[in-house]
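Fold and geometry: a report
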Amino acid sequence: ARLEMWQVEPFFESMAKGCLVRIGIEHDGSKLYRAALVAGVAQGCEPYSLAGRKCCKKLQLDFGEATLPYPMTVVSNGEFEAVELRAFEQVLEARGRSPFSGARLAEKAAELRRAVAGERKSYSEAEVTRMVNQNSQNKAAGAAPQLTARQKLAQRAGVGSGHVAVARPMQMQYDRFGRAIVQEQQES
C-alpha cells in the first residue's frame, strides 16, 4: 500500500489518521472492497510481513458502524470505485454521522503530497526517542529493526539509555525519498 513506505517514520500515526483507504477482504474465494477512514494506528500486534519488513502496526479503520484494527497488508493501492464510496457514505448517514467532506479529503491529500515531497524531513528529539523505544519493543516482539538515519544516530549516541557514545565517521547517502541513510565509513 502507499502507506507502507511511511510506516517507520515518526509522523506516520498523525499522517495516516484521517486518510480514506480502500481495503480488500477475502470472502468466499473472491475479494470484496470497502472504503474506511483511518481513525488511528495500533501498536504491538503480532508481527507480520509488509513490503519485505516486519511490521507491528495495525490501522484502526472506521467503517461508519464500527472501528476495527486491520494489518496494512489489506489496504489496496487500487482506485476507489464509486459504489464503494457511496456505500461508505450511506453507512455514515444511517448512523447519523456527518459524511466525509471533499474539502477534508483535499486537505489530507495536500498533507500527504507535502510528506511525499519531503517537506517533513526533520524530527523532534521526542519523535526520535519514541522511535528508538518503539524499535526496542518491536525487537522484543520479534520484528526486525526498521530505523531511519536519526534513529540509528540516536541509538549509537545512547539517547534515553544514559550512555555516552564515541563519535565515529559516517558516510551519508540518500534514498529515493530524500531520507538519509547512515553507514559507518570503512577504514582505509
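Figured I'd write up the structure that's included with this text. Note that the structure is a prediction, hence the values are computed from the model and not measured. (Residues numbered from 1 in each chain as written. Predicted model: local features only at pLDDT ≥ 70, side-chain atom pairs only at ≥ 80, totals over all residues. Heavy atoms only, no water.)

Further remarks concern the overall build of the protein. Along its length, the protein carries five helices and seven strands. Shown N-terminal to C-terminal, the secondary structure of the protein runs as helices and strands in the order α-β-β-β-β-β-α-α-α-α-β-β. For the protein, the proportion of its 188 residues judged to be buried stands at 33%. Taking all contacts inside the protein whose residues are at least 6 apart in sequence as the whole, residues at least 24 apart take part in 51%. (Helix = DSSP H or I, 4+ residues; strand = E, 2+ residues; numbered from the N terminus. Buried < 20%, exposed > 50% of the residue type's maximum accessible area, 1.4 Å probe, protein only. Contact = heavy atoms within 4.5 Å.)

A positive phi is found at D28, a non-glycine position, where the angle reads about 50 degrees. Looking at the secondary structure, you find D28 in the loop between β1 (20-27) and β2 (30-50).

Further remarks concern the environment of V83. Secondary-structure assignment places V83 in helix α2 (residues 82-94). Judged by its relative accessible area of 58%, V83 is exposed. Each C-alpha atom of the pair V83 and A35 lies 9.6 Å from the other, and the pair is 48 residues apart in sequence.

Aromatic rings in a pair are described by how distant their centres are and how their planes are angled relative to each other. Inspection of the entire model under this criterion finds one aromatic pair. Over the ring of Y33 we find R22, and its NZ or CZ is 3.8 Å from the ring centre. (Phe/Tyr/Trp six-rings, centres within 6.5 Å; stacked < 30°, edge-to-face > 60°. Lys NZ or Arg CZ within 6 Å of the ring centre and 35° of its normal.)

Further remarks concern the nonpolar core. Among the nonpolar cores identified, the biggest contains 22 residues, and F12, V21, L59 and L61 are the most heavily contacted of them. Those elements that place two or more of their residues in this core are α1 (12-16), β1, β2 and β3 (53-62). Take this core: its biggest share by element is six residues, from β2. Contact partners of F12, with chain neighbours within four places excluded, come to L3, W6, Q7, V41, K57, L59 and M72. Listed in part, the six residues of the second largest apolar core include L20, F88, L92 and F100. (Core = buried A, V, L, I, M, F, W, Y, C linked by side-chain atoms within 4.5 Å.)

Counted according to the given criterion, the structure contains seven salt bridges. The shortest N-O distance in the salt bridge between R86 and E93 comes to 3.6 Å. Take R86: its relative accessible area is 37%, and that puts it in the partly exposed class. One salt bridge connects E111 with K108, and the closest N-O pair in it is separated by 3.4 Å. With a gap of three residues between them, E111 and K108 both fall in helix α3 (residues 102-116), about one helical turn apart. A residue is classified by how much of its surface remains accessible, and E111, at 29% relative accessible area, is partly exposed. Taken together, the shared-partner salt bridges connect R22, E81 and E84 into one network. (Salt bridge = Lys/Arg side-chain N within 4 Å of Asp/Glu carboxyl O.)

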